[in-house]
Amino acid sequence: MKLGVCYYPEHWSENNWETDAKEMHTAGISIVRIAEFAWAKMEPEEGKYTWDWLDRSVDTLASAGHQIVLCTPTAAPPAWMIEAHPDILPVDEDGRRRRFGSRRHYCPNNKTYHEYSKRIAEAMAKRYGNHSAVIGWQIDNEFGCYFARCYCDICTKEFQHWLQRKYASLDELNERWGTIFWSQTYDKWSQIEPYNLTVAEPNPSHVLDYYRFASDSWASYQQIQIDALRESIPSAQFVTHNIIASQTTIDYHDLARDLDFVAWDSYPTGYAEMGSQDIYAPDEQVPAYAHDTGDPLLIGFFHSLTRGLKQAPYWIMEQQTGAINWSLYNTGVRPGALRLWAWQAAASGAEATVFFRWKASRFGLEQHHAGLRNHDGSTDTGYDDLLTIKSERDKLDDFIAQPLQTDIGILLDYSTLWALEMQPHRKDFAYLKHLFVFYRACKALGLEPDIISPQADLSHYKILLAPSAFLADEALAQTLTDFTSQGGNLMLGARSGFKDLHNVVTEEPLPGALRDLAGARVAKWHALPPKVSYSLQSEIADFEPDVTFWAEALEPAAGTRSLANYSTAPFDGLAAITEKTHGNGKVIYCGIYPRLAQAVVLMRHLAASHAIPVLDIPSGLAVFQRGTKLLAMNFTEEPIAFSTKSGEYSISARNFTIITE
Ligand code: GAL
Ligand code: ZN
């Protein structure tokens, strides 16, 4: 695994550059990411480029033996540009034009901005494309951070064009969106505005298309820069973008498509504090140790998601090194945490970990954000970990030399996520939470799933999990039918097949397009409030009988058997979970929203029917398998006992052991 660091030479006196470069090298760093946000320094006046400082910075880093990742600075358009073209500024959901003075202050559909972005990317590519130390490019920074959906007049027009490309006629749009409801029928394309300022809640089909349009806007904007860079850079230089894997406003499958690989930015204590409530089930909490060491499941979920975007290795482009500045408590990071994060990243398929940042900033918004070094240049806690990681590099490379085996795919569809987000029907019926329960069930059994698009290559998976295939069409049904005919086992979760891709409920009996595949009809469905549960009896051993949160009553078709029946009113006698054999594979329809323990038992059942060996992973331990080796990582403050077929182990606190089976 390669180690890198984010560096902002323009934040420091040039006298520091050489020393910094050498000290990075001594600490085991070989990649330095620069030029992010530095547009005003590169182009202080329109068309007047000042490369001398960047030339010297690149050369200084190269002389110290570093490889360089250059960033296009487009997350931070300079003041002169905004003054000349104030319509570059985005408009938020409340209809307010945002101001200059921070970052990400641009609309992705603004044509003037497209031209500026193209010009700076081209100019950088021409200048540095042939520099032997430059290995690749990061476009912009974290698209969609803060907000991903602009509602300006330009976006309104672009949305209308996007709709005209998507629908053959306005009549078709009216039909698909069901605009007859509340007299929303359009008779001119120009009447269709963004949904953001309606009096009551807008039409969900309208909203879904706007979300898709906004997401597409980022992919198209990124493409402008990809094309501009690729015109001048050699093919050996990569082009990537650093996503926020936890963010759900952009369809990352689209964004990833034309990148050489994807990178994500990992801030484990920040997610534990600020993001965990979006992903843990409502009655659960992120574990207490996560506040200064992070939660391996939360981080692991985003590793699986990022790896799944291209079903390929990826990078960590920013790795937290100490206290951050954007959560509530901004806790310090424990010694050992960075080491665990770097090992977990490598074990999950990250080819590089680039630490954020070399030195803490003395000015601007991030003064309270740690780096590997403090403001005065002294080393911080993360730095000590970096030295440990450096000393273990051979051991790490040896561990990841065997390929990562992923037999399980969890389907992630952003349109479905958005549809459930805007109308969850039952509070907390959130798509990511549902996926996360099954992800955790896999990890509890020592299995590493890929989180993938339904359009991904499914051929090498033995098990596919579709926790809620809420939006479904014939194409999805066909893909999943093919998967099972070829011997795969599929789990369809509650609420699958409820709607079509326009966010309109199917006319077919449920689960709609997936009914033949499931071999069962969803006859009734009940949302269950907290403290209410139904009971069931299951033939699957150890399946906890109480159903909470959501219950569907199923009628199995001929040839489909019930794995669990409700045993109490109001669904008594009806099935809760069914199983149908399909070609060489089988399909389970799980009509309940399982708690973790239930999901684990279901996963064990699925794995057993495919003879996939499983382990019993104690809580707090994260286990990764490569060939015959297991990396067992303890993120907690106490030792954890772990037994495998090769013996019994005690993994000490915030430490790991490599076990050979
Ligand atoms: C990231 C961002 C960085 C920095 C960091 C602070 O989201 O890409 O530029 O702001 O957060 O944690
Ligand atoms: Zn806009």
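The name given to the protein in an unreviewed UniProt entry is Beta-galactosidase, with the source organism recorded as Candidatus Desulfolinea nitratireducens. Listed in UniProt under the heading Catalytic activity (unreviewed entry), the comment for the protein reads: "Hydrolysis of terminal non-reducing beta-D-galactose residues in beta-D-galactosides." The UniProt entry for the protein carries the following text under Sequence similarities (unreviewed entry): "Belongs to the glycosyl hydrolase 42 family."

### A word on helix H8 (residues 204-232)
The first and last C-alpha atoms of H8 sit 43 Å apart over 29 residues, in line with the 42 Å expected at 1.5 Å per residue. The buried fraction of H8 amounts to 21 of the 29 residues, a majority that puts the element mostly inside the structure. N-cap assignment for H8: the residue whose side-chain oxygen lies 2.8 Å from the backbone N of Ser205 is Asn203.

### Quick word on the site of ligand 1
What surrounds ligand 1 is the set Phe37, Arg103, Asn141, Glu142, Asp265, Tyr267, Glu318, Trp326, Phe356, Glu366 and His369. Measuring from an oxygen atom of ligand 1, one finds a side-chain N or O atom of Glu142 at 2.4 Å. Between an oxygen atom of ligand 1 and a side-chain N or O atom of Trp326, the distance comes to 2.8 Å. Taken by itself ligand 1 offers 310 Å² of open surface, and the protein chains cover 94% of this.

### A closer look at the nonpolar core
Counting 217 residues, the largest nonpolar core has Leu54, Leu70, Phe301, Trp315, Leu465 and Leu492 as its most contacted members. The two domains that each donate at least three residues to this core are domain 1 (2-92 + 103-148 + 218-399) and domain 2 (408-609). Not counting residues up to four positions away in its chain, the partners in contact with Leu465 are Ile408, Gly409, Ile410, Leu411, Phe438, Cys442, Met491, Met603 and Leu606. Judged by nonpolar contacts, the second largest core, of ten residues, contains Leu615, Leu621, Ile651 and Ile659.

### Some remarks on the sheet that holds strand S21 (residues 621-626)
The three strands lie next to each other as S21-S22-S25, forming an open sheet whose pairing is antiparallel. Either end of the sheet is taken by a strand with one partner, and the two such strands are S21 and strand S25 (655-660). Taking each pair of neighbouring strands and ignoring which way they run, the sheet shows an average axis angle of 20 degrees. Pairing geometry for S21 and strand S22 (residues 629-634), over six bridges, is antiparallel.

### Re unusual backbone geometry
Cis peptide bonds are those with omega within 30 degrees of zero, and the linkage from Phe356 to Arg357 qualifies with -5 degrees. Residue placement: Arg357 occurs in the loop between strand S9 (350-356) and helix H14 (381-391). Residue Pro570 follows Ala569 across a cis peptide bond; omega there is 5 degrees. On the secondary structure map, Pro570 appears in the loop between strand S18 (560-566) and strand S19 (575-582). Of note, Arg104 is a non-glycine position whose phi angle comes to about 60 degrees, a positive value. Residue placement: Arg104 occurs in the loop between helix H4 (79-84) and helix H5 (111-128).

### Describing the UniProt feature "domain: Glycoside hydrolase family 42 N-terminal" (unreviewed entry) in the protein
According to UniProt, the feature "domain: Glycoside hydrolase family 42 N-terminal" (unreviewed entry) maps to residues 6-393 in the numbering used here. With 40% helix and 10% strand, residues 6-393 has its two end C-alpha atoms placed 20 Å apart.

### Here we look at the sheet that holds strand S2 (residues 31-34)
Spatially, S5-S4-S3-S2-S1-S9-S8-S7-S6 is the arrangement adopted by the nine strands of the open sheet, whose pairing is parallel. Looking along the sheet, the strands with just one partner apiece sit at the ends: strand S5 (238-240) and strand S6 (242-243). Relative to strand S8 (residues 314-320), strand S7 (residues 263-266) is paired through four bridges, and the arrangement is parallel. In the strand pairing of S8, Ala263 is matched with Trp315. Strand contacts of helix H12 (residues 296-310): S6, S7 and S8, with the helix running at about 170 degrees to S7, the strand carrying the most contacts.

### What to know about the domain arrangement of the protein
Often, the extent of an interface is quoted as the loss of accessible area on bringing the components together. The domain architecture assigned to the protein consists of domain 1 (2-92 + 103-148 + 218-399) and domain 2 (408-609). On a C-alpha basis, the centroid separation for the pair domain 1 and domain 2 is 37 Å. Listed per partner, the contact involves 24 residues of domain 1 and 25 residues of domain 2. Taking both sides of the interface into account, the surface hidden between domain 1 and domain 2 amounts to around 2,200 Å²; carbon and sulfur atoms contribute 60%. Scanning the region where domain 1 abuts domain 2 turns up three salt bridges. Note that Glu284 is salt-bridged to Arg440, the shortest N-O span being 2.7 Å. For the pair domain 1 and domain 2, the number of links is 15 residue pairs in polar contact (both at pLDDT 80 or more). Taken together, the elements giving at least two residues each to the side of domain 1 that touches domain 2 come down to helix H9 (252-256) and H12. Counting residues per element, the side of domain 1 that touches domain 2 draws most heavily on H12, at ten residues. Classifying every residue of the side of domain 1 that touches domain 2 gives twelve nonpolar, eight polar and four charged.

Rules behind the numbers
Residues numbered from 1 in each chain as written. Chains lettered and ligands numbered in written order. Predicted model: local features only at pLDDT ≥ 70, side-chain atom pairs only at ≥ 80, totals over all residues. Heavy atoms only, no water. UniProt positions renumbered as here; feature names shortened; annotations may be inferred. Helix = DSSP H or I, 4+ residues; strand = E, 2+ residues; numbered from the N terminus. Expected span 1.5 Å × (residues − 1). Buried < 20%, exposed > 50% of the residue type's maximum accessible area, 1.4 Å probe, protein only. Polar contact = N/O pair within 3.5 Å; in protein donor to acceptor, adjacent residues only side chain to side chain. Near = heavy atom within 4 Å. Areas by Shrake-Rupley, 256 points an atom, 1.4 Å probe, with all protein chains shown as cover. Core = buried A, V, L, I, M, F, W, Y, C linked by side-chain atoms within 4.5 Å. Domains from an automatic or database assignment. Contact = heavy atoms within 4.5 Å. Pairing = 2+ DSSP bridges. Axes fitted to C-alpha atoms, helices over the stretch in contact; angles between N-to-C directions. Buried area = accessible area lost by both parts, 1.4 Å probe. Salt bridge = Lys/Arg side-chain N within 4 Å of Asp/Glu carboxyl O. Nonpolar A, V, L, I, M, F, W, Y, C, P; charged D, E, K, R; others polar.

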